[in-house]
Amino acid sequence: MSWQTDLREIISGYFADSSIEEGTLDIVLISECDPIFHQMILTTFQSAIEAASRGEQEIVNLLRGNLILHVDSPDKAGDFLNRVLTIYKDQYSLSTGEKLG
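The paragraphs below set out a description of the structure included in this document.

Analysis parameters
Residues numbered from 1 in each chain as written. Predicted model: local features only at pLDDT ≥ 70, side-chain atom pairs only at ≥ 80, totals over all residues. Heavy atoms only, no water. Helix = DSSP H or I, 4+ residues; strand = E, 2+ residues; numbered from the N terminus. Rg over C-alpha atoms; globule rule 2.2 N^0.38 Å. Buried < 20%, exposed > 50% of the residue type's maximum accessible area, 1.4 Å probe, protein only. Core = buried A, V, L, I, M, F, W, Y, C linked by side-chain atoms within 4.5 Å. Contact = heavy atoms within 4.5 Å. Salt bridge = Lys/Arg side-chain N within 4 Å of Asp/Glu carboxyl O. Expected span 1.5 Å × (residues − 1). Polar contact = N/O pair within 3.5 Å; in protein donor to acceptor, adjacent residues only side chain to side chain. Arc of directions from axis to C-beta.

**Section: the overall build of the chain**
In step 1: Within the chain, the regular secondary structure consists of 5 helices and 0 strands.
In step 2: In the chain, the order of α-helices and β-strands from amino to carboxyl end is α-α-α-α-α.
In step 3: Computed over the C-alpha atoms, the radius of gyration of the chain is 13 Å, within 12% of the 13 Å expected from 2.2 N^0.38 for a compact globule of 101 residues.
In step 4: Seen through its principal axes, the chain has C-alpha atoms that stretch 35 × 25 × 25 Å.
In step 5: Within the chain, buried positions represent 45% of all 101 residues.

This is the structure in structure tokens:
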């Protein structure tokens, strides 16, 4: 699967009806038991953040299609994705004791 498909599924599956914190905690609960899922989460968000930093409008369209949140630029999309990834890494580290950079 592509990072775009993975991101679309993550956003719609974990954040459509939940806050960022709740959705992220749900992802951590799976990730702490599934290293492949954990790696997919990291890779997907890092790829999406890179696309946002390059100014790719595609990332805006992916997030707008799945969220009530109004994201109208790659910069705002990048801010949102960075926030989610930071919360994920913090919660994952607390849950597993593994320090993520």
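**Remarks on the nonpolar core**
In step 1: Of all hydrophobic cores here, the largest spans 30 residues; its most connected members are Leu7, Phe45, Ile59, Leu63, Leu81 and Tyr88.
In step 2: Where this core is concerned, the elements lending two or more residues are α1 (3-14), α2 (20-31), α3 (35-53), α4 (57-64) and α5 (74-96).
In step 3: In contact with Leu81, other than residues within four places in its own chain, are Leu7, Phe45, Ala48, Ile49, Ile59 and Leu63.

**A look at the pattern of salt bridges**
In step 1: For the coordinates displayed, the defined rule picks out 3 salt bridges.
In step 2: For the salt bridge of Arg83 with Glu21, the shortest nitrogen-to-oxygen distance reads 3.1 Å. In this pair, Arg83 is assigned in helix α5 and Glu21 in helix α2, connecting sequence segments 62 residues apart.
In step 3: With its nearest N and O atoms 3.4 Å apart, the salt bridge here joins Asp72 to Lys76.
In step 4: Among the residues examined, Asp72 registers a relative accessible area of 36% and is labelled partly exposed.

**Concerning α3**
In step 1: Over its 19 residues, α3 extends 27 Å from the first C-alpha to the last, a length consistent with the 27 Å expected when each residue adds 1.5 Å.
In step 2: For α3, every residue scored as buried is listed here: Phe37, His38, Ile41, Leu42, Thr44, Phe45, Ser47, Ala48, Ile49, Ala51 and Ala52.
In step 3: With a side-chain oxygen lying 3.1 Å from the backbone nitrogen of Ile36, the N-terminal cap of α3 falls on Asp34.
In step 4: In the segment just after α3, Gly55 is the residue with positive phi, at about 80 degrees.

**Focus: the side chain of Gln4**
In step 1: Assignment of secondary structure puts Gln4 in helix α1.
In step 2: By relative accessible area, Gln4 is classed as buried at 18%.
In step 3: In terms of polar contacts, Gln4 uses its side chain to reach the side chain of Trp3, at 3.5 Å.
In step 4: Beyond its immediate chain neighbours, meaning those up to four positions away, Gln4 contacts Glu58 and Leu62.

**A few points about α2**
In step 1: With 12 residues, α2 ought to run about 16 Å at 1.5 Å a step, and its terminal C-alpha atoms sit 16 Å apart, in line with that.
In step 2: What α2 keeps buried is the set Ile20, Gly23, Thr24, Ile27, Val28 and Ser31. Looking straight down α2, one finds that the buried residues subtend no more than 140 degrees of arc, so they occupy a single side.
In step 3: Close packing links the buried residues of α2 with α1, α3 and α5.

By themselves, these figures tell us nothing about what the structure is for.
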